[in-house]
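Take a look at the letters that make up each chain.
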Amino acid sequence: MTDLVTFGETMLRLSPPRGERLETTRDLTVQAGGAESNVAVGAARLGADARWLSKLPDSPLGRRIVTELRSHGVSPGVAWADADESRVGTYYLEHGGEPRGTNVIYDRADAAITTVEPDELPTDAVAESEWFHTTGITPALSETTAETTTALLRTAGEAGTTRSFDLNYRAKLWDPETARAAYEDLFEHVDTLFVPRRDARAVLDREGGAVEIAHGLATEFGLDTVVVTRGLEGAVALHEGSVYEQDVYEAETFDAIGTGDAFVAGFVAERLRGGDLPAALRWGSATAALKRTTDGDLAVTTRAEVRNVIDGEGGIDR
Ligand code: KDG
């Protein structure tokens with residue numbers, strides 16, 4: 001039985017060296033990036049047997065993504081599209097630095113995944129896995145991906161697979177009202193919801209602190225677990241009526257992209273190993289801290305490193 005299956009778009013991330021502008025750079029680093037495959041990689045690196053489902057063109061670019069994810073231990077379940085009739089989504093990332101923010105430019109309209117139907121994917125893998133994860137980016141891509149997201153969540157629910165959903169609101173993909181309506185339709189198919197407090201307020205129209213937000217969402221949508229992330233203030237989780245708090249572990253930030261996915265990866269990996277909620281929050285927070293120290297969307301880390309962060313050990317290993 002697979003531990004974890006994720007579903008969503010993976011793009012090629014193209015980024016100039018730090019301090020260079022997209023407008024003028026001659027060099028772009030190419031890396032795979034996509035919230036759901038970021039989670040699969042993070043969890044696989046922490047010992048989970050992880051699969052990721054998606055759709056890509058059968059081209060060097062599509063295969064480039066699969067090769068990178070496979071190199072971290074993820075098993076791809078990809079629907080291959082005709083290379084002449086489909087495309088890989090890309091995103092450009094220009095790193096910021098005070099006082100200039102980081103800039104993301106998507107070039108992903110009509111990517112292969114926007115036409116993905118459940119019968120093109122190995123949906124048995126969802127039913128046979130312990131945990132299924134997807135995010136609010138996927139239903140934003142097209143009506144078809146929104147329908148496929150619902151169908152896969154249903155398949156997971158019918159099979160007794162635990163379902164998690166990270167809100168991952170992306171303002172460049174849709175407006176808050178449309179997103180909110182889509183999210184609220186999906187919540188009935190979700191067991192564990194990850195939501196940044198900022199998005200709970202701005203997109204889901206929730207008021208109050210993290211605990212109040214978690215209680216409101218859990219009650220209204222029958223969610224088992226709601227994890228509200230609060231940036232540097234840490235996370236609060238409501239699980240079966242009990243509240244747990246987790247601080248962030250300090251990190252020197254090299255690249256913040258993928259931090260939330262790393263949190264989910266650490267959390268899910270620890271739950272899959274039988275860890276309780278406080279342990280899962282520690283693993284999530286420590287994996288997120290480690291991610292921030294490295295370049296790229298992926299949390300390329302190890303169980304030993306996560307344990308060291310939790311135990312407060314660092315420094316030079318020699
Ligand atoms: O969470 C990190 C993601 O934002 C990044 O991997 C790109 O999937 C991505 C997206 O849609 O923004």
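About the criteria used
Residues numbered from 1 in each chain as written. Predicted model: local features only at pLDDT ≥ 70, side-chain atom pairs only at ≥ 80, totals over all residues. Heavy atoms only, no water. Pairing = 2+ DSSP bridges. Helix = DSSP H or I, 4+ residues; strand = E, 2+ residues; numbered from the N terminus. Axes fitted to C-alpha atoms, helices over the stretch in contact; angles between N-to-C directions. Patch = residues over 30% accessible without salt bridge, like charges linked within 9 Å, V, L, I, M, F, W, Y side chains within 5 Å. Areas by Shrake-Rupley, 256 points an atom, 1.4 Å probe, with all protein chains shown as cover. Salt bridge = Lys/Arg side-chain N within 4 Å of Asp/Glu carboxyl O. Lys, Arg positive; Asp, Glu negative; His and termini not counted. Charge placed at Lys NZ, Arg CZ, Asp CG, Glu CD. Buried < 20%, exposed > 50% of the residue type's maximum accessible area, 1.4 Å probe, protein only. Left-handed = near helix turned anticlockwise from the far one by under 90°. Contact = heavy atoms within 4.5 Å. Nonpolar A, V, L, I, M, F, W, Y, C, P; charged D, E, K, R; others polar.

- As annotated in an unreviewed UniProt entry, the protein is PfkB domain protein from Halorubrum californiense DSM 19288.

### Thoughts on the sheet that holds strand β7 (residues 103-107)
- Spatially, the 4 strands line up as an open sheet ordered β3-β2-β6-β7, and their pairing is mixed. Two strands in the sheet have a free side with no partner beyond their single neighbour: β3 (29-33) and β7. On average, each strand axis in the sheet is tilted by 25° relative to the strand beside it, whichever way the strands run.
- When strand β2 (residues 11-15) meets strand β6 (residues 90-94), the two strands line up parallel, connected through 3 bridges. Bridge pairing links arginine 13 to tyrosine 91 in β6.

### Looking at a negative patch on the surface
- Together, Glu117, Asp119, Glu143 and Glu147 give the surface a local cluster of negative charge.
- Summarising the element assignment, aspartate 119 is placed in the loop between β7 and α3 (123-127).
- We classify aspartate 119 as exposed; its relative accessible area is 71%.

### Remarks on the packing of helix α9 (residues 259-272) against helix α10 (residues 277-292)
- For the pair α9 and α10, interaxial distance at closest approach is 7 Å and the crossing angle is 145°. With respect to the hand of their crossing, α9 and α10 are arranged in right-handed fashion. Residues Thr259, Ala262, Phe263, Gly266, Phe267, Glu270 and Arg271 of α9 form the contact with α10, whose own contacting residues are Leu277, Ala279, Ala280, Leu281, Trp283, Gly284, Ser285, Thr287, Ala288, Lys291 and Arg292.
- Per-class residue counts for the contact of α9 with α10 are 9 nonpolar, 5 polar and 4 charged.

### Examining the pattern of salt bridges
- This model, assessed by the stated rule, comprises 18 salt bridges.
- Here aspartate 295 and arginine 18 are joined by a salt bridge, their closest N and O atoms 3.3 Å apart. Of this pair, aspartate 295 sits in the loop between α10 and α11 (303-311) while arginine 18 sits in the loop between β2 and β3; the two residues are 277 residues apart in sequence, bridging distant segments of the chain.
- The exposure class of arginine 18 is partly exposed, given its relative accessible area of 36%.
- Between glutamate 220 and arginine 206 there is a salt bridge whose closest N-O contact spans 3.1 Å. One end of the pair, glutamate 220, is in helix α8 (residues 210-221); the other, arginine 206, is in the loop between α7 (197-202) and α8, with 14 residues separating them in the sequence.
- Through salt bridges that share partners, Arg13, Arg18, Asp255, Asp295 and Asp297 make up one connected network.

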